[in-house]
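# Chains, contacts and geometry: an overview
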Amino acid sequence: MKPRNAVYRAGGLLLPGLPTLLAALTTFVLFMLFLVVQGKPAWQACQLVVQGAFGSAFAWENTLQRAAPLMLAALCVALPARAGLIIIGGEGALVLGGLAAAVTPLWLPGLPVVPLLLCMALSAMVVGGFWIGLNGWMRQKRGLNETIGSLLLSYVAIAIFNQLVEGPLRDPASLNKPSTIPLDDSVMIGPISDAFQVHWGLVVGVIACLLAQVLVRNSVTGFSLQVVGGNVRTARMIGLPVDRLVILTCVLGGACAGLAGMFEVAAVQGSANAAIIAGYGASGILVAFAARQNPLAIIVCAILLGGIEASGSLLQRRLGLPNATTLILEGILFTSLLAWEALTPRIVAWRLRLNERAEQTQGALQHG
Amino acid sequence: MRALSLETIGAGKVFGNFRALDNVSMRVRPGTVHALLGENGAGKSTLVKGIVGYGPLDEGSVLVGGKEQSIQSPRDSHSLGIGMVYQHFTVAPGLSVAENLVLSRGELPWAIDWKQERAALDAFMARMPFKLDIERAVSSLAAGEKQKLEILKQLYLDRRFIILDEPTSVLTPQEAEEVLGLMQQLAHAGELSVLMITHKFGEVMRFADDVTVLRRGQLVGSKAVADTDEAELSAWMMGESREQSTALERVEHLAERTPGLEVSNLKVANDRGTLAVRGVSLSVLPGEIVGIAGISGNGQRELTEALLGQRPASAGEVRVNGRPYSASRAEMQREKVYSLPEEPLRNACIAGLSVAENLALRDYDHAPLCRSGWLINRKAIRERARELIGRFQVRPNDPDRPIGTLSGGNVQRAVLARELTEDVAVLIVSNPVFGLDFASVELIHRRLLEARNRGAAVLLLSEDLDELLELSDRILVIHDGEINHQTVPAEAERQVLGRYMAGTEHSAQQVAG
């Protein structure tokens, strides 16, 4: 009797992951189909995706390097989602955060490296937090739909970024690729170790996800956010400061996205330029939905998605597939995720039934 | 005569354990206006939904024009010539009057010959006792004109029996007068028969030929309007007798105390931005239940929401235990303010969270449910939930189950367990037993009286007069966002209360509770 009980319990715990699993399977089938239709070797391509993502130490480094900003960008979706918001404008917070980080050393010359890096991170988080916080504010105080508002504000952010980088903040020495004045080599964030060429953004991303998990799962504030996201009328009835909580979660999410921009500048590009507008915000949405807004699952999903993106060049080299192939793979994945999301109400029902079975077997155990 | 007669014999309808309609037999004579009176929940809507086929009757039969008919869907009733005008408009505001009329036919050819349709509509309008320009956009019509369009639509569709659901609730008195006058005219001309749901005695007296009163799903009486009067109708509607409270003995408290809840000149806007609560003042002493009676839609919902903090007040002041109160969490916890709002699943719970989590909503930010001031202690939450579930008999006995999967009575018990703690000082209650079974009603009423006897100031808003008369120490009547009457249950007469509730009687001066 006992093992069966354990099976029911485990089933109940794993069920929430079912839509993601089904989405992965659907994506696999559709992607194969997509390749077969083109007359490409589908199975080999899939092997290459795995190989390019996780096949070697170099592939792992490439994957994890990409996963770091994805984790932070995904938190920009997952944290506001806790309060019932769908924010899709993380890209804007990311690029403005990156820009803020890139110009901080100009305003604070002569600061030692570590305090300077902290100041850069802080300014990136403040700017990013402000940008997404603005969305929360507009939603609560002006009744603006946060999804559309954040998307539009993201375009505004990118326009501001381009305007500043190509205008007042441009390094005159950057000729065909407008950039801000490059960071000094001493300020550049290096790899975690020589043997493991992934920058410290990965560590920060994982820590941020762990902190977010503690926040949403274990803290009083997280519980309040869940109440706000679950039923705002009830939240008001028990006296929660709904507006403040919504704006808070937006600010925290935006700060994460801003931090991702800071690492792109200080660990990868060396200056703020158009290369940091690389679609991390959009991929972050994908990661957050695949993780079903769970911060711990974001770590795993970000690594998987980073892997897919990392495998793009291998597909290009070996099979002559265009680079957009990985984008198509991501697109199919996202669509499948949203489609399978419709299972949620049934999953709740199945979970209840499993729990009841578990209880029954337990009861039988006690009585028998 | 085109007008149809309609008769129900032994009509009945059951929702779960709840008998919404019980053995109702009534007859609408052809070519008359028949009023259907009753309080909220008396079964009026259930009856007409059965006749129209939206919610087919479980028992009994419907005779249309003297012949028994099976009405299982609106399609059936429409083909018999029965139509209904709903309380809320069912017109397409972006289209013209002509388009709305043609659209209402339902079955249209793939291409519409507008020239021919317009000619037909013009001819139709010429026959009608009241007219609308068929080219006008519906969005430009006033409420009364929209109501006329709804009625024209029924005539255009050749209905011979029209049901009106509170037809004047959205109209000004002048518009109401005109529309009802027209209906009466059409009926007396033998064009159609009218069954009209209403709360307003004045309309019954002036426009109806016959009247039927329902109460708690049962037929109380049915007779010609000429043979009755308002006093009799009020008595029918509100019930003659009052069951004696079998519950707890009341503990009397001293009157000389700071009011637990004090509301002065409170004004609250509704969703459309107009004032639904227009300067309400009242006070509730500790150890007192103040009941607010009123027909739904007279500002009770907005008043409750404002007191709960779900809706901002546009003017006025609320004080709790003598101190200004803005419904913040800190104030709620300091002053011990709790509430049982109506529709608990919508207003007081999070359907997707577990029973245990829902039971923790009031104090999850305090020890013992949280540690070190910020860490949620899920184990403590679950243990406390087990204890409350046992004490308040919530079924099923599983703290981890999402509360949205519980029955209505059990959701209300869970909310009761959370809100009626030992030390509640102020309690705001709204329709606490709506739709609940007998046992739950007993339990909830007993708990409310217990809270009162322990010294809580209880404000009870209810549409159930029996509940108010049984529980309240004082009763206020709200009509159109204003308190227009105050009484104590011992002296309260149902007819008088009913007239104040319906707004047919106004006290000379504003009553402050």
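Residues numbered from 1 in each chain as written. Chains lettered and ligands numbered in written order. Predicted model: local features only at pLDDT ≥ 70, side-chain atom pairs only at ≥ 80, totals over all residues. Heavy atoms only, no water.

Counting its secondary structure elements, chain A contains 16 helices and 2 strands. The C-alpha atoms of chain A give 22 Å as radius of gyration, which agrees with the globular expectation for 368 residues (21 Å, within 12%). Projecting the C-alpha coordinates of chain A onto the three principal axes gives extents of approximately 80 × 60 × 40 Å. In chain A, buried positions account for 49% of the 368 residues. Put simply, 76% of the contacts in chain A that link residues at least 6 apart link residues at least 24 apart. Taken as a whole, chain A presents about 16600 Å² of accessible surface, with 67% of it coming from carbon and sulfur. The averaged location of the 15 negative side-chain charges in chain A is 15 Å from the averaged location of its 22 positive side-chain charges. (Helix = DSSP H or I, 4+ residues; strand = E, 2+ residues; numbered from the N terminus. Rg over C-alpha atoms; globule rule 2.2 N^0.38 Å. Buried < 20%, exposed > 50% of the residue type's maximum accessible area, 1.4 Å probe, protein only. Contact = heavy atoms within 4.5 Å. Areas by Shrake-Rupley, 256 points an atom, 1.4 Å probe, with all protein chains shown as cover. Lys, Arg positive; Asp, Glu negative; His and termini not counted. Charge placed at Lys NZ, Arg CZ, Asp CG, Glu CD.)

All names here are of chain B. As enumerated under the stated definition, the model contains 41 salt bridges over all chains in all. With a shortest N-O distance of 3.2 Å, Arg19 and Glu59 are connected by a salt bridge. Of the two residues, Arg19 sits in strand 2 (residues 18-28) while Glu59 sits in strand 4 (residues 59-64), which places them 40 residues apart along the sequence. By relative accessible area, Glu59 is classed as partly exposed at 30%. Across the salt bridge formed by Asp210 and Arg29, the nearest N and O atoms sit 3.0 Å from each other. Here Arg29 lies in the loop between strand 2 and strand 3 (33-37) and Asp210 lies in strand 9 (residues 210-215), a separation of 181 residues in the sequence. (Salt bridge = Lys/Arg side-chain N within 4 Å of Asp/Glu carboxyl O.)

Further remarks concern empty space enclosed by the protein. A complete count under the given rule lists 3 cavities of 30 Å³ or more for this structure. Taken as a whole, the largest cavity holds about 60 Å³ of empty space. Taken together, Arg233(A), Arg301(B), Thr304(B), Glu305(B), Leu308(B), Gln310(B), Pro341(B), Glu342(B), Arg346(B), Asn347(B) and Ser430(B) form the lining of the largest cavity. Counting residues per element, the ones that place at least two in the lining of the largest cavity are helix 9 (300-308) and helix 11 (344-347) of chain B. A total of 4 residues in the lining of the largest cavity trace back to one element, the largest contributor, which is helix 9 of chain B. When the residues that make up the lining of the largest cavity are grouped by side-chain class, the tally is 2 nonpolar, 4 polar and 5 charged. (1 Å grid on protein atoms, 1.4 Å probe; cavity = no way out; pocket = protein on both sides within 12 Å on 5 of 7 lines; lining within 4 Å. Points joined across faces, edges and corners; volume = space filled by probe spheres on them. Nonpolar A, V, L, I, M, F, W, Y, C, P; charged D, E, K, R; others polar.)

Time to look at the sheet that holds strand 19 (residues 426-430) of chain B. Residues and elements named next belong to chain B. Pairing within the open sheet is mixed, and its 6 strands lie in the order 16-19-20-13-21-22. Each edge of the open sheet is held by one strand with a lone partner, namely strand 16 (337-340) and strand 22 (482-487). Strand-to-strand twist in this sheet, taken as the mean axis angle between neighbours without regard to direction, amounts to 20°. In the sheet, strand 19 pairs with strand 20 (residues 457-462) via 5 bridges, with the strands oriented parallel. Of the residues in strand 20, the one forming a bridge with Ile428 is Leu459. (Pairing = 2+ DSSP bridges. Axes fitted to C-alpha atoms, helices over the stretch in contact; angles between N-to-C directions.)

What follows covers the sheet that holds strand 14 (residues 315-320) of chain B. All names here are of chain B. With respect to topology, 4 strands assemble into an open sheet ordered 12-11-14-15, the strand pairing being antiparallel. Bordering the open sheet on either side are strand 12 (275-284) and strand 15 (323-324), each of which pairs with just one other strand. Summarising the sheet, strand 14 and strand 15 pair through 2 bridges and their orientation is antiparallel. By the bridge assignment, Val320 is partnered in strand 15 with Arg323.

Next up on the list: helix 4 (residues 114-127) of chain B. When the terminal C-alpha atoms of helix 4 of chain B are compared, their 20 Å separation across 14 residues agrees well with the 20 Å that a helix rising 1.5 Å per residue should span. Buried residues belonging to helix 4 of chain B abut helix 3 (97-103) and helix 5 (143-156) of chain B. (Expected span 1.5 Å × (residues − 1).)

Contact with chain A, which involves 22 residues of that partner, is made by 34 residues of chain B. Of the roughly 2400 Å² buried between chain A and chain B on both sides combined, carbon and sulfur atoms contribute 59%. Area buried by chain A at its contact with chain B is led by Phe223(A), Arg233(A) and Met237(A), which between them contribute 33% of it. A salt bridge links Glu305(B) to Arg233(A); the nearest nitrogen and oxygen atoms lie 2.6 Å apart. Counting across the chain A and chain B interface gives 14 residue pairs in polar contact (both at pLDDT 80 or more). Per-element tally for the side of chain A that touches chain B: the top contributor is helix 9 (residues 220-230) of chain A, with 6 residues. For the side of chain A that touches chain B, a count of residues per class yields 9 nonpolar, 8 polar and 5 charged. (Buried area = accessible area lost by both parts, 1.4 Å probe. Polar contact = N/O pair within 3.5 Å; in protein donor to acceptor, adjacent residues only side chain to side chain.)

Counting 230 residues, the largest nonpolar core has Met71(A), Met262(A), Ile298(A), Ile292(B) and Leu459(B) as the members making the most contacts within it. Examining the composition of this core, we find that 13 residues originate from one element, helix 11 (residues 242-269) of chain A, more than from any other. Shared between two domains, this core holds at least three residues of each, these being domain 1 (6-238) and domain 2 (255-336 + 460-513) of chain B. When sequence neighbours within four positions are dropped, the list of residues in contact with Ile292(B) reads Leu282(B), Leu303(B), Leu459(B), Leu460(B), Leu461(B), Ser462(B), Leu468(B), Leu476(B), Ile478(B) and Ile483(B). Listed in part, the 25 residues of the second largest apolar core include Ala11(B), Ala42(B), Leu57(B) and Leu214(B). (Core = buried A, V, L, I, M, F, W, Y, C linked by side-chain atoms within 4.5 Å. Domains from an automatic or database assignment.)

This part covers the domain arrangement of chain B. Size of an interface, as often reported, equals the accessible area lost when the parts are brought together. Residues and elements named next belong to chain B. Taken domain by domain, chain B holds domain 1 (6-238) and domain 2 (255-336 + 460-513). In this structure, domain 1 and domain 2 have C-alpha centres spaced 34 Å apart. In this assembly, domain 1 packs against domain 2 so that about 1000 Å² is buried in total across both faces, 55% of it on carbon and sulfur atoms. Run the count over domain 1 and domain 2 and you get 2 salt bridges. The interface formed by domain 1 and domain 2 holds 2 residue pairs in polar contact (both at pLDDT 80 or more) in total. The element best represented in the side of domain 1 that touches domain 2 is helix 8 (residues 230-238), accounting for 5 residues.

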